[in-house]
Amino acid sequence: MTARVLLLVLAAGVLPAQVTFNRILNANQEPQNWLTYSGTVLSQRHSMLTQITPDNVKNLELQWAFQARSLEKFEATPLVVDGIMYTVQAPNDVIALEAATGRVFWTYSYTPSTDARPCCGRVNRGVAVLGDRLYMATIDAHLIALDAKNGRPIWNVQVAKAAAGYAMTHAPLVIKDKVIVGTAGGEYGIRGFIAAYDARTGKELWRFYTIPGPGEPGHETWSGDSWMHGGASVWMTGSYDSDLNLTYWGIGNPGPDWNGDPRPGDNLYSNSVVALDADTGKLKWYFQFSPHDEFDYDSVQVPVLVDMTFQGRPRKVMLWANRNGYFYVLDRTSGQFLLGKPFVKVTWATGLDERGRPMRAPKMVPNAEGTLIFPGNQGGTNWYSPSYSPHTGLFYIPSWVNYSSTYFKLKPEFSEGQRYGGGMPKSTIGGMGGGRRTLNTKEEEGYGAVRALDPQSGDLKWEFKMVDVTDAGILTTASDVLFSGGREGYFFALDARNGTLLWKARVGGPVASGPMSYSINGQQYVAVSAGNSLFSFALRQ
Amino acid sequence: MSDLRFCILLLAASPLLAQQHYSAADIENGSRLYRANCFICHGPDGNYVTGVDLGHNKFRRASTDADLIHIILTGIPGTAMPPHKFSEYQAATVVAYLRSMAASAQSTAGSGDPTRGKALFDGKGGCTGCHRILGNGSRLGPDLSEIGSLRRAADLEISILDPNEEILPENRFVRVVTKDGAELTGRLLNEDMLSVQILDAKERLLSFSRSDLREFSFVDRSPMPSYRGKLSSQEVSDLVSYLISLKGVDKP
């Protein structure tokens, strides 16, 4: 063998290529890998792999499982880079595994400060990759860069003060040479923001406050000093359109959550999507789904970007099933409202006006006696990743159908780092914790479903019903297989065209994560975190 | 120094002695902290986390007030329970509130005679045909071994006189008809999109695939008969007094 052949071999397989941003931008061209939280920066959670089909999916079998040393919810979607999988064991341990076998290469164990107080679980939803580095946002609001080869920390910066109620739970988003994150803490009276860090050094490059300060447009939608602790958190990964150089992020609820009295006005940019210039963080446009919210309808859902012919002409759109019960189509170049329609039962609003603003239903507000409102506090959907399949043209939503809460209003008292809620929603179905049995809940009391919508009209095309509700994301593939799960503890495959159940596995604990797919040596795998473990399936050989 | 602080000092020496001495203000303060910090995970009534029922003194890892204060302050590593930046006093007010929830769930024993109540339960009332207490009786209806810790006297009286007034979701009965025509009624234990688990009238644990069932429906009315007109008001009081006295098995 000549030296030249040896070099070629090295280039092809032995020396792993760096994950350049160009690779991330074109992640669909290497579907054997899963390079961002939602698969690509367009966030369709759609795999181009086609080995698993509606005909053979019944032959899926477990290849390996990884049991986390954590009793927390396992919400992470792993990344796969050239045969290596990276995931996060709650709260903040990064783990590198061999994606074909589940064997662990290394573990980076991070102990968050005892100041950390994420509202709804000490969880993490995954890492980001760029070059030969991984990036993790922690529950004590630090951003950490790791060496992907050995898990050694390279830099660690404090993004915000955990003692003041700031936390981070989502996977960062890499754009060019920047790592972008936002801060959770909407139940603690924080002032939310999105910030970009130099991937090389950890230096903060820009910051966008999700609540405008004095003198900035939108500041007038708050009164007094309510803007200083109005929440508007960020806790799910955004998306990116490279043609427009815009990054899109969903913003959480205003605080206090269930009592709007201290904050008269629309409370921008709470419960909005913001479009920011990726280089500068400057606001290009925004669209507010739920002005002056009192129902905890965070609009943190993953923005799903689609190029499609819409209402007769090619358009860059954004598909959005909101926690408030409405499905929206927006033009993502301008933020123009194109379509809005309830995808579950809604009683807090009577409809949307021509600009997409909700028309509030009279008397539908939290009060001392309690007001029954649909959808309930966890929403028609929540943070669970939806999916869009360019192959079927359908948009798939993890849905809570016929679900309501009775909203009680209480007096809010602000104190830094303490809960700032101002109310208490009650429901027969458990909340974020998910621990409460929904066992024996009748269908009319609410149920979980995968709902498939036609984005052209918002019409329901099909529904796959569960008994219990679901916190599981959805993955679709180019071969028309849809993967999801729910609190019942099934991980299942549906026919993406019609919702027929094709295969299921009993994973023994609730699926509270988004599934993903990858391949190694021509073998397609589907992986999902459920209960306290991570499972990887492939076709029987 | 408030009474409560004094209690905390006592806790170290004799935790049991210190319980129950909470003032209304302590409970009110604890209630505020609970609503602000605890209810998203634990729920308004303290029962959202599996195996934990804060409103009924049911904890996984604690029994004394000192245990509870420790857990509130330090959290439980590896679980969703975080440490809290409370003062020890604040943590104690949360415990005061939890204990008050449990106490109000119990209430007073009423005016009846529990001994006569037990005789009614085991005899004329025919209660053991469906209910079980500390190992005696049927498993079909709710086990009442610790009902005195879980329900108030007024609720129990309503359940005896008007069983349909409130049927807790965990006590719902279902009727299933299998494809081969067998009809069964039982207590629903679990269900999902593909299967149903019940305890039938013969106390069998049965699991059905939904695809093997021709019918599945909830039984809307309680299988329990009303005792209105069948028991005198004194007998109802006796029965309630007996039930209220049932606090489960003493923990070692």
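Residues numbered from 1 in each chain as written. Chains lettered and ligands numbered in written order. Predicted model: local features only at pLDDT ≥ 70, side-chain atom pairs only at ≥ 80, totals over all residues. Heavy atoms only, no water.

1. A few points about the pairing of strand β31 (residues 459-465) of chain A
Residues and elements named next belong to chain A. Put simply, the test is: At least two bridges found by DSSP between two strands is the condition for calling them paired. Helix and strand assignments follow DSSP, with helices taken as H or I runs no shorter than four residues and strands as E runs no shorter than two, numbered in order from the N terminus.
The sheet contact formed by strand β30 (residues 447-454) and β31 spans six bridges and is antiparallel. When the sheet's bridge partners are listed, L453 is paired in β31 with L460. Hairpin connection between β30 and β31: a loop of four residues separates the two successive antiparallel strands, and G458 in this loop has a positive phi of roughly 80 degrees.

2. Focus on unusual backbone geometry
All names here are of chain A. Of the consecutive residues L268 and Y269, the connecting peptide bond is found in the cis state with omega at -5 degrees. In this fold, Y269 is placed in the loop between β16 (246-250) and β17 (272-277). Across the junction of F374 and P375, the peptide omega takes the value -10 degrees, indicating a cis bond. Relative to the elements of secondary structure, P375 occurs in the loop between β25 (371-373) and β26 (387-389). Look at A141: it is not a glycine, yet its phi comes out positive at around 65 degrees.

3. A closer look at the sheet that holds β31(A)
In a beta sheet, neighbouring strands pair by backbone hydrogen bonds and run either parallel or antiparallel. Residues and elements named next belong to chain A. Rule in force here: Lines fitted to the C-alpha atoms define the axes, with helices restricted to the stretch that makes contact. Angles between their N-to-C directions range from 0 to 180 degrees.
The sheet built from four strands is open, its strands ordered β26-β27-β30-β31 with antiparallel pairing. At either margin of the open sheet sits one strand with a lone partner, and together these are β26 and β31. Neighbouring strand axes in the sheet, compared pairwise and without regard to direction, differ in orientation by 30 degrees on average. Across three bridges, the pairing between β26 and strand β27 (residues 394-401) is antiparallel. From the neighbouring strand, Y388 faces β27, where its bridge partner is F395.

4. Some remarks on the packing of helix α7 (residues 114-122) of chain B against helix α10 (residues 233-244) of chain B
All names here are of chain B. Selection rule: Working rule for angles: under 35 degrees goes down as roughly parallel, over 145 as roughly antiparallel, 65 to 115 as roughly perpendicular, anything else as oblique. Two residues form a contact once any of their heavy atoms are found within 4.5 Å. Three classes are used: nonpolar for Ala, Val, Leu, Ile, Met, Phe, Trp, Tyr, Cys and Pro, charged for Asp, Glu, Lys and Arg, and polar for all others, with Gly counted as polar.
Put simply, α7 and α10 touch, their axes get as near as 7 Å, and they point 95 degrees apart. In this view, α7 runs roughly perpendicular relative to α10, as classed from their interaxial angle. In this structure, α7 uses P114, R116, G117, K118, L120 and F121 to contact α10, whose residues at the interface are Q234, E235, D238, L239, S241, Y242 and L243. Residue composition of the contact of α7 with α10, grouped by class: six nonpolar, three polar and four charged.

5. Some remarks on the interface of chain A and chain B
Defined as follows: Accessible area that two parts lose when put together, with a 1.4 Å probe and added across both, is what the buried area reports. The rule for a salt bridge is simple: a side-chain nitrogen of Lys or Arg has to be within 4 Å of a carboxyl oxygen of Asp or Glu. Pairs of N or O atoms within 3.5 Å make up the polar contacts considered here, provided that, within protein, one atom can donate a hydrogen while the other can accept it, and that residues adjacent in sequence are counted only when both atoms are side-chain atoms.
Every contact between the two is made by 41 residues of chain A and, on the other side, 34 residues of chain B. A buried area of about 3,300 Å², summed over both sides, lies between chain A and chain B, and 57% of it is on carbon and sulfur atoms. Across the chain A-chain B interface, the total number found is three salt bridges. For the pair chain A and chain B, the interface holds five residue pairs in polar contact (both at pLDDT 80 or more). Elements represented by at least two residues in the side of chain A that touches chain B include exactly β29 (423-426), β31, β34 (490-495) and β35 (501-506) of chain A. Residue contributions to the side of chain A that touches chain B peak at four residues, all from β29(A). Residues belonging to the side of chain A that touches chain B are distributed by class as follows: 15 nonpolar, ten polar and 16 charged.

6. Considerations on the packing of aromatic side chains
Residues and elements named next belong to chain A. Stated precisely, the cut-off is as follows: Two rings belonging to Phe, Tyr or Trp (six-membered ring only in the last case) form a pair when the distance between their centres is within 6.5 Å. Interplanar angles under 30 degrees mark stacking, angles over 60 mark edge-to-face geometry, and anything in between is tilted. Burial classes follow relative accessibility: with a 1.4 Å probe on protein chains only, a residue under 20% of its type's maximum area counts as buried, one over 50% as exposed, and anything between as partly exposed.
Applying the stated rule across the entire model yields 35 aromatic pairs over all chains. When the ring of Y248 is compared with that of W285, the centres are 5.8 Å apart and the planes differ by 45 degrees; the resulting orientation is tilted. Residue Y248 is located in strand β16, and its partner W285 is located in strand β18 (residues 283-288); the two are separated by 37 residues in the primary sequence. Y248 gets classed as buried once you look at its relative accessible area, which sits at 0%.

7. Digging into the packing of helix α9 (residues 153-161) of chain B against α10(B)
Residues and elements named next belong to chain B. Rule in force here: Put simply, a crossing is left-handed when the front helix is turned counterclockwise from the back one by less than a right angle, and right-handed when it is turned clockwise.
The interhelical angle for the contact between α9 and α10, taken along N-to-C directions, is 125 degrees, at an axis separation of 10 Å. Compared by their axis directions, α9 and α10 come out oblique. Considering how the two elements wind past one another, α9 and α10 form a crossing that is right-handed. Residues A153, L156, E157, I160 and L161 of α9 form the contact with α10, whose own contacting residues are V236, L239, V240, L243 and I244. Tallied by class, the residues present in the contact of α9 with α10 amount to nine nonpolar, no polar and one charged.

8. Examining the pairing of strand β9 (residues 142-147) of chain A
Residue and element names in this part refer to chain A. Counted residue by residue, β9 has five buried out of six residues, so it is predominantly covered. In this structure, strand β8 (residues 133-137) lies alongside β9, joined through five bridges in antiparallel fashion. The partner of R133 across the bridge, within β9, is D147. Hairpin geometry of β8 and β9 is characterised by an intervening segment of four residues between the two adjacent antiparallel strands and by a positive phi of about 65 degrees at A141. Here β9 pairs with strand β10 (residues 153-158) via five bridges, running antiparallel. If you follow A145 over to β10, its bridge partner there is W155.

9. Examining the confidence of the model for chain B
All names here are of chain B. Just so we agree on the cut-off: Looking at any residue, its pLDDT shows the predictor's confidence there, from 0 to 100.
Per-residue confidence for chain B gives a mean pLDDT of 83, with 88% of residues at or over 70. For chain B, helix α2 (residues 15-18) is the element with the lowest average pLDDT, namely 37, and strand β6 (residues 205-209) is the one with the highest, namely 96. Confidence estimates for the predicted assembly give a pTM of 0.88 and an ipTM of 0.80.

10. Some words on the sheet that holds strand β15 (residues 239-241) of chain A
Residues and elements named next belong to chain A. The four strands lie next to each other as β15-β16-β17-β18, forming an open sheet whose pairing is antiparallel. Among the strands making up the open sheet, the edge pair consists of β15 and β18. Put simply, the sheet's adjacent strands are angled 20 degrees from each other on average, direction ignored. Bridging between β15 and β16 involves three bridges; their strand directions are antiparallel. Bridge pairing in β16 places D241 opposite L246.

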